[in-house]
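Notes for the structure review
Spelled out, the chains give:
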Amino acid sequence: MKKQRLLRLVGVAGLGAAVSGIGLDAPWLACLGTAGVACGALTFRRRTDRKPSAEAAALSAKVAAVVAAPPSPGEPVDTGGLVRQMLAQGRYTLLLRPQITANLTQAQIQKAIEALVEQTALVPAGQLCIGLAGKESDPLENEGYEPASSGVVVEVEEFLLDRYPVTNSQFQQFVDAGGYAQAALWDPQVWPAVVDFVDRTGCPGPRFWSGGRHPHGEERHPVVGVSWYEATAYARWAGKRLPTDPEWEKAGSWPLQLSDTTLLQRRYPWGDLMERERANLWGSGPNRTVSVDEYEGGVSPGGVHQLIGNVWEWTYDDFSQAAHKRPGLALGTAMKCVRGGAFDTYFDVQATCQFVSGENPVARKHNVGFRCAVSTADLVAAARPDPLDTSLVEAGQAAEEIGV
Amino acid sequence: MTKDTAVTLDSYRLAQYAVQVPCYICEQGNTFDAELCRHCFAPMALAHQANTQKVFSSMLATIGPSGVGKTVYLGMLMDMLSRNKERLQLLARGAFSINLQQAATQALARGEFPDKTPNEPDRWNWVHCQVQLPRHRKPVELIMPDMAGEAILEEVDHPHSFHVVRQMLLKCGGVLLMVDAARLHAGSLDQDYFSMKLLSYLIELDNHPKRGWQNRPLALVFTKADDCEACFDDPASFAKRYSPGLWRHCQERFRHHQFFAAGVSGACASCNTPDGRQRVPLRIEPRGIIEPFEWLVEQIGRR
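Summarised in this report is the structure supplied together with it. (Residues numbered from 1 in each chain as written. Chains lettered and ligands numbered in written order. Predicted model: local features only at pLDDT ≥ 70, side-chain atom pairs only at ≥ 80, totals over all residues. Heavy atoms only, no water.)

**Notes on the overall build of chain B**
For the record, the criterion: The helix and strand labels rest on DSSP assignments: H or I over at least four residues marks a helix, E over at least two residues marks a strand, and numbering proceeds from the N terminus. All radius of gyration figures rest on C-alpha atoms, and the globule criterion is 2.2 Å times the number of residues raised to 0.38. Calculation of accessible area relied on Shrake-Rupley with a 1.4 Å probe; when residues are assessed, cover is drawn exclusively from the protein chains displayed.
Along its length, chain B carries 12 helices and 13 strands. Relative to the 2.2 N^0.38 estimate, which gives 19 Å for 303 residues, the radius of gyration of chain B is 21 Å and therefore close to what a compact globule would have. As displayed, chain B has an accessible area near 14,300 Å², and 50% of this comes from carbon and sulfur atoms.

**With respect to unusual backbone geometry**
All names here are of chain A. Selection rule: The rule is simple: take the accessible area with a 1.4 Å probe, protein chains only, and divide by the maximum for that residue type; under 20% is buried, over 50% is exposed, in between is partly exposed.
One non-glycine residue with positive phi stands out, namely Tyr295, at about 55°. Note that Tyr295 resides in the loop between strand E6 (263–264) and strand E7 (312–318). Look at Gln306: it is not a glycine, yet its phi comes out positive at around 55°. Taking the relative accessible area as the measure of exposure, Gln306 reaches 4% and is therefore buried.

**A closer look at the side chain of Glu313(A)**
Residues and elements named next belong to chain A. Here is the rule: Any pair of N or O atoms that falls within 3.5 Å is considered a polar contact. Within protein, one atom must be able to donate a hydrogen and the other to accept it, and sequence-neighbouring residues count only if both atoms are side-chain atoms. The contact definition used throughout considers only heavy atoms, calling two residues in contact when any of these lie within 4.5 Å.
The residue Glu313 is located in strand E7 in this model. For Glu313, the side chain forms a polar contact with the side chain of Trp248, separated by 2.8 Å. The residues contacting Glu313, other than those within four sequence positions of it, are Pro165, Trp248, Gln306, Leu307, Cys337, Val338, Arg339, Gly369, Phe370 and Arg371.

**Considering the sheet that holds strand E6 (residues 140–146) of chain B**
Residues and elements named next belong to chain B. For clarity, the cut-off: A pair of strands is labelled paired if DSSP reports no fewer than 2 bridges between them. Angles here are taken between N-to-C directions and fall from 0 to 180 degrees, while the axes themselves are lines fitted to C-alpha atoms, restricted in helices to the stretch in contact.
Across the sheet, which stays open at both edges, the seven strands sit in the order E4-E5-E6-E3-E7-E8-E9 with mixed pairing between neighbours. Looking at which strands have only one partner, the edges of the open sheet turn out to be strand E4 (89–92) and strand E9 (257–261). Averaged over all pairs of adjacent strands, the angle between strand axes in this sheet comes to 25°, irrespective of strand direction. As paired elements, strand E3 (residues 58–63) and E6 share two bridges and run parallel to each other.

**Some thoughts on the environment of Phe174(A)**
All names here are of chain A. Relative to the elements of secondary structure, Phe174 occurs in helix H8 (residues 168–176). Taking the C-alpha atoms as reference points, Phe174 and Glu230, separated by 56 residues in sequence, lie 10 Å from one another. With sequence-adjacent residues up to four places away left out, Phe174 is seen in contact with Gly179, Tyr180, Leu185, Trp186, Ala233, Tyr234 and Trp237.

**A word on the interface of chain B and chain A**
Often, the extent of an interface is quoted as the loss of accessible area upon association of its parts. Note the following rule: As used here, buried area is the combined drop in accessible area, with a 1.4 Å probe, of two parts when they are placed together. Salt bridges, as used here, are contacts in which a Lys or Arg side-chain nitrogen is within 4 Å of a carboxyl oxygen on Asp or Glu.
Contacts between the two partners involve 31 residues from chain B, matched on the other side by 27 residues from chain A. Around 2,400 Å² of area is buried between chain B and chain A when both sides are counted, 50% of it from carbon and sulfur atoms. Together, Leu282(B), Arg283(B) and Glu285(B) form the three largest contributors to the area buried by chain B at its contact with chain A, with a combined 27%. Counting across the chain B and chain A interface gives three salt bridges.

In structure tokens form, the structure reads like this:
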């Protein structure tokens, strides 16, 4: 009986959240209200443990009030407005899901595809040799291309990776949209700790922000001071995910398979020699984060910027003994992988595509950020870019130049 | 019958042996060809350099408990300042001055911490260097030994047991006192007690109203602060909260002191080795290394 009542109220809460988000004329977008549904569900379930009846009544009243209330100023009331808002927020991949595109106009799909092509780079499917980092302390030992036999060969599916790390202004969209209050975006085990993910002034947001706002003048700097869980929550909100460790490495080392036993992999996205002017590392930069647009010389063959330097990047995988290839390594706490080095990375050998380090997933460090990925298999066929077709990118660049 | 033979004339050597060369640290006499002082085991190269180049070198001591990170700090500091990327520039004098930097950075690049400094003073690494400060025309000459924490503790507990530690602390113009922030943050007070012992020892060592330790600069460096980020935000508040004894000692007895936070490894893990479990750095990202040294050298320069 109690369970039935719970389910009924959860349904009301979810419906209310979905309807309030999209307007009554777009029921197909109800799936986008999943966050609201789960938020209501989790909130209710937690409160039910304390005062079931009073809380349920209060929630019912709140949902009824939300449904009855007119949309607040600035909130989209139609499909077009919602699509525009999602594009502005950088959530274009959500619009390119097969379940969604059938309900969009061709022009809306085209805009989402343009955003996708402009902001992500395709990393083709193929093999990658992982586990080469253990030999990196002596560059001469690891000179030139690595033969596949010295590591483990894994297969990586085709995916799209953000061209740049997630910036402060992009993360601001997530904060402003109430991302820290939407339980569905967060791993259940960390949800009780989300209240601790606050900035200097106690507002929800990255650690080094103030008043829920990013530092002035650092709009295009990569967001830092975010835990692995915050990065994951942002990625979910944006309709993406964190790249896996092999995916990140493949995007940078850009392997070429010459034969069944020979994989050519780069140490750095630009080649095999460290050229410090191509990356923001200790001694080559101002010893702080810089805009994601800088250090263009460090771009990968696929068009991904700043894989090396500026900020370490969270990846999805656990930093286990296998990841580091160090016998006897014992981790006190579970760690997640970070890749690429940061503005204060001291040794060249720790700023390669192969080097992997670990960090506590709840740590909010000054030099750790992230970028997102999305599998092409999760998007409609029309959204899978042809790596050789640059017309959309060129169109976007031309539009930027003339100020459109 | 006589036969011509070549006989080396060694009388000039005898003359050199007759003149004692004072050690730069303890000022006790040594033979001209001694490598280390036979009294305190400091390198005699310091004395020879001072005699030949006619420069007066200031001394700076790095003290703290065993395992606090003195070797890593000094090695990293030397390497950073000698790479010509910082405002401060450092130039080593003598090949022996590069040993510490080499040992520390090579170990860190391998993903290990350098070996523990042995207790025997004849195996310590010494650094003699020139430091060029911004806005200063003349470089500062500095001597910095990497003393073993256990030897320092032994000297504090049993004065005169390590002559070199005593002489060094008597003569040096300032001190970098290292305290393990991670242990303090974890609730361990042994760092607090050890630091208080050291400060008391310094005051007792020289309490001259003008030249005494109460007027010499003291930089208190919380090491391993990567593990407790709050320490970087406000090291003085961290000291007040987690090391109240040390904080009070500084307030009451040292007129020129300042708190700093430093870290070298962004994250650490444990590694099971044949010698037992050891901590290993997962990456190297020095932070807060230059600041305490720069402050201390500025203070010494003013005096």
